[in-house]
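Given next are the chains, with one letter for each unit.
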Amino acid sequence: MQVSLKWLKDYIDLNLSTEELANYLTMAGLEVDSINKLGEGISKVVSGEILEVKPHPNADKLVVCAVNVGQENAPLTIVTGAPNVRPGMKVPVAIVGAKLPDGPQIKKAVFRGIESYGMLCSAQELGIDPTGLPAEEREGIMSLPPSTPLGIPIQEVLGLDDEVLELELTPNRSDCLGMINIAREIGALTSASLKLPKISHEGNNDVIDQMASVEIVDSDLCRRYVARIIKDVKIEPSPLWLQQRLQAAGMRSINNIVDVTNFVMLEMGQPLHAFDYDKLEEHKIIVRRAKENETIVTLDGIQRKLDKDMLIIADATKPVAIAGVMGGFDTEVTSETNTILLESAFFEGASIRKTSRKLGLRSEASSRFEKGINLDGSLEAINRAVDLIEELGAGVAVPGKIDVFPSKPEKVVIKFRPSRANYILGTDISSQQMLKYFKSLSFECVQENNDLFLVTVPSYRRDITLEIDLVEEIARLYGYSNIPTTLPQSTMTQSKKTSIQALEEKVKNTLVGMGMKEIITYSFIGSKSFDKLRLKDSHPWRNCIEIKNPLSDDQNVMRTTLIPGLMEIASKNIHRRQLNLCLFESGNVFIPQGSNHLPLEEPHIAALVTGGLGKAWNTSFEKFDFYYLKGVLEQLFSQLNQGNINFIPTKNYSSFHPGRTAEIVINDEVIGVIGEIHPLVLEEYDVDQKIWLFELNLSPLLSGFSKIKEFEPLPKYPPVERDMAIIVPEQVITSQVDQKIAAVGGKYLIQYHLFDIYRGEQIPKGFKSMAYNMIYQAQDRTLTDKEVSDIHNRIQQELQASFGAKLR
Amino acid sequence: MREELLKIQEQGSVELNNAQSLEELNQLRIKYLGKKGLLTQVLRGMGSLEASERPIVGQLANEIRDSLEQCLAAKNKYLQEKALLLRLEEEVIDVTLPGRPIKFGNKHPLTLILEEIKGIFTGMGFTVADGPEVELDYYNFEALNIPKDHPARDMQDSFYITDEILLRTHTSPVQARVMQAMTPELPVKIIAPGKVFRRDDDATHSPMFHQVEGLLVDNKITFADLKGTLLSFVRQMFGSDRQIRLRPSYFPFTEPSAEVDVSCFNCGGQGCRVCKDTGWIEILGSGMVHPNVLQMSGYNPEQVTGFAFGMGVERIAMLKYGIDDLRLLFENDVRFLSQF
């Protein structure tokens, strides 16, 4: 809402600076977003009249004007290049010594041999938004109304001696979409006295009842409809004061009748509409829902298809307006119009909101209906408009009104306890003070007893229905800054985190400790991602939650895997020449549970490496590979206190390299996958370097993570270390050998690890040599050489039996 | 014999003193003091001396041995020190060369801010609660006093899954969920960090962003307590000399409602680019829990009161780190991530 201070002063005596006023409003919940000082930086610009326009003798594109600026002396000679100047035109003239907002001082200048004593101004040069102007004035010199006196400072002529507050209103304060209610609010805050306009009574209804009728068919959507008629209408441009008021509020002047309806809307918050009375079939107004496939051509000349959820105004035969949204073209007020029917109605916000959304039409009127207007204000507003029309000489009022008001609302009376207000606010405000606050807001207040008021709220404050709403009014007027600052006197509490929160934190800390960078991507992805990942149609990841109204195809489903997010980010970084990446993301994936149920939100972790560790002066470039990432994952499991993890080779993941991928299994449950991304998937993401990636579900790790570690006593007896190198066929995989060693080694084999894999000389093709280091130890004694040898040999024999392993 | 001994002493001490290396010194030790050394050789001839001479010569020999050993020890110490100095000199390295690259990663700046916020509130006894990102319309709106067709729904354009299921537009539904699960237990004292979604995508809006919700419901919780709690948070988050300012505002689920500004931490309140010359920066929304919300969640608003607040994590991260473009937070350029 744009609030012109000049206009505001019509309703209230203000003796505050603009900044003080803005601060009052902001601190009372009517946030002032900005203060626009119109005409700031303009001096010595006056109204003038062009007497004569002559071509410039030495330049085709320039003309020489004689301009009367109202002084006794001779007209000024001014050279201009503007195309739209003509004799008789009244224009803003910057005379020698003038200043414009964004320009230097105007000086006497010589243009191709002719002296020029000033400059004719465009709207933009005066800091005025030119959008509302006729086309030629948007490009050229601004024209002033023919009635403008000469030599008057342009600020006065154009109403630029004004400041405009831009109010950012919260949805509950739609009452402040009217100047008068803003004035009331300021009155309550500052005790300044109000000067409200006098509005005449409409007179008796004998005549109007003969002239027109109004019927509300759908009273659920239209709770009141007031009509009045004006005859002998003279459509003319509005007087300057009216134009200026509208302009300061950001609206365009159209003609006297339309301008009055807009003026009253801005003044009182009630949208009005004027119909050409003679074009209303049978002079009937019927408020009803549209019929399926009915159409209307709206004011903007566009034919609109209506549906049965839209409320319209119809005459006896056809729709003449989309209620509260836009009038019809056929019944528009034009220069031919003799008689008008004015409408002041209350339409239900929700319905207007739906209709205006469906049609993509929003207007000052529709947004006021949406937020809710004053049901009791319709008659006052229409009478005000009629007064103004008569005042302007734009028409003659037909006495009487038609006021269809099917169910008048009860007055809202709220029980209010001052003690309750103090209890909630933590204040100690006296009842008398509270009483004063209510009075200043024009709330009627009856004091039942010491701690009970009966408060009647004016109908324009639709936001107040409960005691708590009154508590807020007290807090606002008392001032939030005057409320004390204390800490809660509450029971001691222990702050807790869920175990999954703790687990996620640990995961992040561990991965960051290993050099990984955390990324955060959107929880929605494009369903195309599933194709890019080469997922089969039956792949479970394709079973996902779809968004009905996505912003784009790249964000149309909830993710079922973190891989697309990581791949997109890796690809983007690689294209920015960041070739060595260690990334991870921790976040939920969404698994559908049927359309009536919320999805299962599973916490996942996924990580990716590509490129390698950069070369330093004393290290060489270390290329990443599968085993680097697996090392990261194994360390992560170790930090999370996880045992019994297996990596099972798999070819079931079409996004991954079939020979370089493993399912991650913990206690026989598959919890994730690790592998090299399939070359065709890399191509889809336009990446030409290898990427390794793992993703896993965190929930199955919870039980291990939550377990408290148990101390093992340090060994008292010396360990015996033995190595064993065996030659096995290539297809024997390490996990098989490991399992066998562990099983045979028993409790005395406390540790074993593979320290070398060798292929080449001395090893037959199709075989590999695996070298293990084993440590034998007992908790209760020193193992004898024989005991160790027995176990060691048994392991070797078993490996031979199972895998044909030979000692190397 | 006496002369021989004195000669050994004289010659020995000169040679020992002239020794250039530890090896040479060792050679000389063997030459003079070894089992077959000169001194021993001379002493073998003791038998030929007269009995009365023997003790005198013996004493002399011992004195000479002591003297040579002292000489040897001194020289040995000297040479040792010299050798060490030499070694240390040879071992000089360029300590200005960079260290071995030890890799450490980075948490996302939003995670860092979230952790900081969580840390502050858990320090004040708040429990960290979670709620689903895909939420029922009921919890996202209705239980928060936002019935269907309420104009406040316009403030938050939503992504819908079905008519009844949507992506939560704020973390506030966690309020209703937690209260409904806890009623009639008191106090309800939680924060709820998480992802939220709105249909907006431009330079200053991201369709997904993060919020932290806070809720304290108990006997006798006042608006003054809300002010105190937020002041404490702001000072821990932005510095101990910060002030806060509460302005009336509107949220359907709180009443009275307040927008909270913090005094600009860039200029200290004088007015600058960061605070748009106002001296204040808006950082969160808050208010007293609306009685309808308490009622719907199973608490009697006549008996308990509470406050709630909600803040945007992106905004706080941008303010705190001076990030000037929201989109950087979701582009995940590693050159950006590496800075935190």
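Residues numbered from 1 in each chain as written. Chains lettered and ligands numbered in written order. Predicted model: local features only at pLDDT ≥ 70, side-chain atom pairs only at ≥ 80, totals over all residues. Heavy atoms only, no water.

With that settled, the discussion passes to the overall build of chain B. Of regular secondary structure, chain B possesses 13 helices and nine strands. Relative to the compact-globule value of 20 Å for 340 residues, chain B shows a C-alpha radius of gyration of 43 Å, a clear excess of over 25%. In terms of overall dimensions, chain B has a C-alpha envelope of 130 × 45 × 45 Å along the principal axes. Counting across all 340 residues of chain B, residues that qualify as buried make up 54%. Within chain B, contacts between residues separated by at least 24 positions form 66% of all contacts whose residues are at least 6 apart in sequence. Just so you have it, chain B exposes about 15400 Å², and 50% of that area is on carbon and sulfur atoms. With 37 positive and 47 negative side-chain charges, chain B shows a separation of 7 Å between the mean positions of the two kinds. (Helix = DSSP H or I, 4+ residues; strand = E, 2+ residues; numbered from the N terminus. Rg over C-alpha atoms; globule rule 2.2 N^0.38 Å. Buried < 20%, exposed > 50% of the residue type's maximum accessible area, 1.4 Å probe, protein only. Contact = heavy atoms within 4.5 Å. Areas by Shrake-Rupley, 256 points an atom, 1.4 Å probe, with all protein chains shown as cover. Lys, Arg positive; Asp, Glu negative; His and termini not counted. Charge placed at Lys NZ, Arg CZ, Asp CG, Glu CD.)

Taken residue by residue, chain B gives an average pLDDT of 92. The fraction at 70 or more is 99%. With pTM at 0.86, the complex prediction returns an ipTM value of 0.87. (pLDDT = per-residue confidence, 0-100.)

Moving on, we come to the sheet that holds strand β39 (residues 767-776) of chain A. Residues and elements named next belong to chain A. The four strands are arranged β38-β39-β37-β40 in an open sheet whose pairing can be described as antiparallel. Of all strands in the sheet, those bounded by a partner on one side alone are β38 (749-758) and β40 (806-807). As defined by bridge partners, strand β37 (residues 720-729) adjoins β40 across two bridges and the pair is classed as antiparallel. If you follow Ile727 over to β40, its bridge partner there is Lys806. Packed on one face of the sheet, helix α21 (residues 734-745) meets β37, β38 and β39 and runs near 30 degrees to β39. Helix-sheet contacts for helix α22 (residues 785-803) involve β37, β38, β39 and β40, and the interaxial angle to β37 is about 10 degrees. (Pairing = 2+ DSSP bridges. Axes fitted to C-alpha atoms, helices over the stretch in contact; angles between N-to-C directions.)

With that settled, the discussion passes to helix α5 (residues 109-123) of chain B. Residues and elements named next belong to chain B. Its 15 residues give α5 an end-to-end C-alpha distance of 21 Å, which sits within 8% of 21 Å, the value for a rise of 1.5 Å per residue. Along α5, the residues that are buried comprise Pro109, Leu110, Thr111, Ile113, Leu114, Ile117, Lys118, Ile120, Phe121 and Thr122. Positive backbone phi, approximately 90 degrees, marks Gly125, located one or two places after α5. (Expected span 1.5 Å × (residues − 1).)

The domain boundaries assigned to chain B delineate domain 1 (2-90) and domain 2 (109-337). Distance from the C-alpha centre of domain 1 of chain B to the C-alpha centre of domain 2 of chain B: 89 Å. (Domains from an automatic or database assignment.)

What follows is about the pattern of salt bridges. Residue and element names in this part refer to chain A. By the definition in use, this model includes 64 salt bridges over all chains. Residue Glu267 pairs with Arg384 through a salt bridge whose shortest N-O separation is 2.6 Å. Taken together, the residues Glu267 in helix α8 (residues 256-268) and Arg384 in helix α11 (residues 378-391) connect sequence positions 117 residues apart. Across this residue pair, the class does not change: Glu267 and Arg384 are buried. Put simply, Lys308 and Glu292 hold a salt bridge, and the shortest N to O gap is 3.9 Å. Of this pair, Lys308 sits in the loop between β16 (303-305) and β17 (311-314) while Glu292 sits in the loop between β14 (284-289) and β15 (295-297), and the two are 16 residues apart along the sequence. Taken together, the shared-partner salt bridges in this structure form one network comprising Arg173, Asp175, Glu185, Arg461, Asp463, Glu473 and Arg476. (Salt bridge = Lys/Arg side-chain N within 4 Å of Asp/Glu carboxyl O.)

A general tendency of soluble globular proteins is for nonpolar side chains to be buried together. With 173 residues, the main nonpolar core has Leu8, Phe416 and Met567 of chain A as its most contacted residues. Looking at which element gives the most residues to this core, the answer is helix α9 (residues 223-238) of chain B, with nine residues. When near neighbours in sequence (up to four residues on either side) are disregarded, Met567 of chain A contacts Leu608, Ile677, Val681, Leu682, Tyr685, Ile691 and Leu693 of chain A. By size, the runner-up hydrophobic cluster in this structure holds 40 residues, among which are Ala227, Leu306, Leu311 and Phe347 of chain A. (Core = buried A, V, L, I, M, F, W, Y, C linked by side-chain atoms within 4.5 Å.)

With that settled, consider the packing of aromatic side chains. The geometry of two aromatic rings is summed up by the distance between their centres and the angle between their planes. Counted under the stated rule, the structure contains 25 aromatic pairs over all chains. The interplanar angle of 85 degrees and the centroid separation of 6.3 Å between the aromatic rings of Tyr653 of chain A and Phe656 of chain A together place this pair among those described as edge-to-face. Residues Tyr653 of chain A and Phe656 of chain A agree in their burial class; the two are buried. Aromatic side chains Tyr138 of chain B and Tyr139 of chain B sit 5.0 Å apart centroid to centroid with 75 degrees between the ring planes, which places their arrangement in the edge-to-face category. The exposure class of Tyr138 of chain B is partly exposed, given its relative accessible area of 31%. Classification of Tyr139 of chain B by relative accessible area gives buried; the value is 14%. By way of ring pairs, the aromatic residues Tyr522 and Phe524 of chain A together with Phe159, Phe197 and Phe330 of chain B are connected into one cluster. One Lys or Arg, Arg177 of chain B, reaches over the ring of Tyr139 of chain B and ends 4.2 Å from the middle of that ring. (Phe/Tyr/Trp six-rings, centres within 6.5 Å; stacked < 30°, edge-to-face > 60°. Lys NZ or Arg CZ within 6 Å of the ring centre and 35° of its normal.)

With that settled, consider a negative patch on the surface. All names here are of chain B. Together, Asp157, Asp200, Asp201 and Asp202 make up a region of like negative charge exposed at the surface. Inspection of the secondary structure assignment puts Asp201 in the loop between β4 (188-197) and β5 (208-218). By relative accessible area, which is 48% here, Asp201 ends up partly exposed. (Patch = residues over 30% accessible without salt bridge, like charges linked within 9 Å, V, L, I, M, F, W, Y side chains within 5 Å.)

Two quantities define a packed helix pair, namely the angle between the helix axes and the distance between the axes. Residues and elements named next belong to chain A. Between helix α15 (residues 499-513) and helix α18 (residues 626-639), the least distance of the axes is 10 Å, while the angle of their chain directions is 135 degrees. For the element pair α15 / α18, the angle class is oblique. In terms of crossing hand, the pair formed by α15 and α18 is right-handed. Contacts between α15 and α18 involve Lys506, Val507, Thr510 and Leu511 from the first element and Val632, Leu636 and Gln639 from the second. Per-class residue counts for the contact of α15 with α18 are four nonpolar, two polar and one charged. (Parallel < 35°, antiparallel > 145°, perpendicular 65-115°, else oblique. Left-handed = near helix turned anticlockwise from the far one by under 90°. Nonpolar A, V, L, I, M, F, W, Y, C, P; charged D, E, K, R; others polar.)

Right, let's get into the side chain of Thr305 of chain B. Tracing the backbone shows Thr305 of chain B in strand β9 (residues 305-312). In this structure Thr305 of chain B comes out as buried when scored by relative accessible area, which is 5%. Of the polar contacts made by the side chain of Thr305 of chain B, one reaches the backbone oxygen of Ile221 of chain B; its length is 2.6 Å. Setting aside anything within four residues of it in sequence, one finds Thr305 of chain B in contact with Arg420, Tyr423 and Ile424 of chain A together with Leu216, Val217, Asp218, Lys220, Ile221, Met288 and Leu294 of chain B. (Polar contact = N/O pair within 3.5 Å; in protein donor to acceptor, adjacent residues only side chain to side chain.)

All names here are of chain A. Burial within β39 is extensive, with nine of its 10 residues counted as buried. Here 10 bridges tie β37 to β39, and the two strands are oriented antiparallel to one another. Bridging from a neighbouring strand, Glu721 pairs with Ile775 of β39. In this sheet, β39 lies alongside β38 in antiparallel orientation, the contact comprising eight bridges. Each bridged residue has a counterpart across the sheet, and for Asp756 the counterpart in β39 is Ala771.

Another aspect to go through is the sheet that holds strand β33 (residues 645-649) of chain A. Residues and elements named next belong to chain A. Taking strand neighbours across the sheet as the criterion, the seven strands line up as β26-β29-β30-β36-β35-β34-β33 in an open arrangement whose pairing is mixed. Here the strands that pair on one side only, and so sit at the sheet edges, are β26 (517-518) and β33. In this sheet, strand β36 (residues 691-697) lies alongside strand β30 (residues 600-610) in antiparallel orientation, the contact comprising seven bridges. When the bridges of β36 are listed, His604 appears paired with Asn697.

It is worth spelling out the environment of Ser703 of chain A at this point. Along the chain, the position of Ser703 of chain A falls in helix α20 (residues 702-706). Distance in space between the C-alpha atoms of Ser703 of chain A and Leu160 of chain A is 72 Å, their sequence separation being 543 residues.

For the rest of this paragraph, the subject is the interface of chain B and chain A. Listed as interface residues are 94 residues of chain B and, on the opposing side, 96 residues of chain A. Here chain B and chain A share an interface that buries about 7900 Å² over both sides, 56% of which is from carbon and sulfur atoms. The largest per-residue losses of area from chain B upon contact with chain A belong to Lys103, Pro248 and Glu255 of chain B, which jointly make up 8% of the total buried on that side. The interface formed by chain B and chain A contains five salt bridges. Between Glu331 of chain B and Arg576 of chain A there is a salt bridge, with the nearest N and O atoms lying 3.7 Å from each other. Inspection of the chain B/chain A interface yields 43 residue pairs in polar contact (both at pLDDT 80 or more). Take the side of chain B that touches chain A: its biggest share by element is seven residues, from α9 of chain B. In the side of chain B that touches chain A, the residues fall into 40 nonpolar, 24 polar and 30 charged. (Buried area = accessible area lost by both parts, 1.4 Å probe.)

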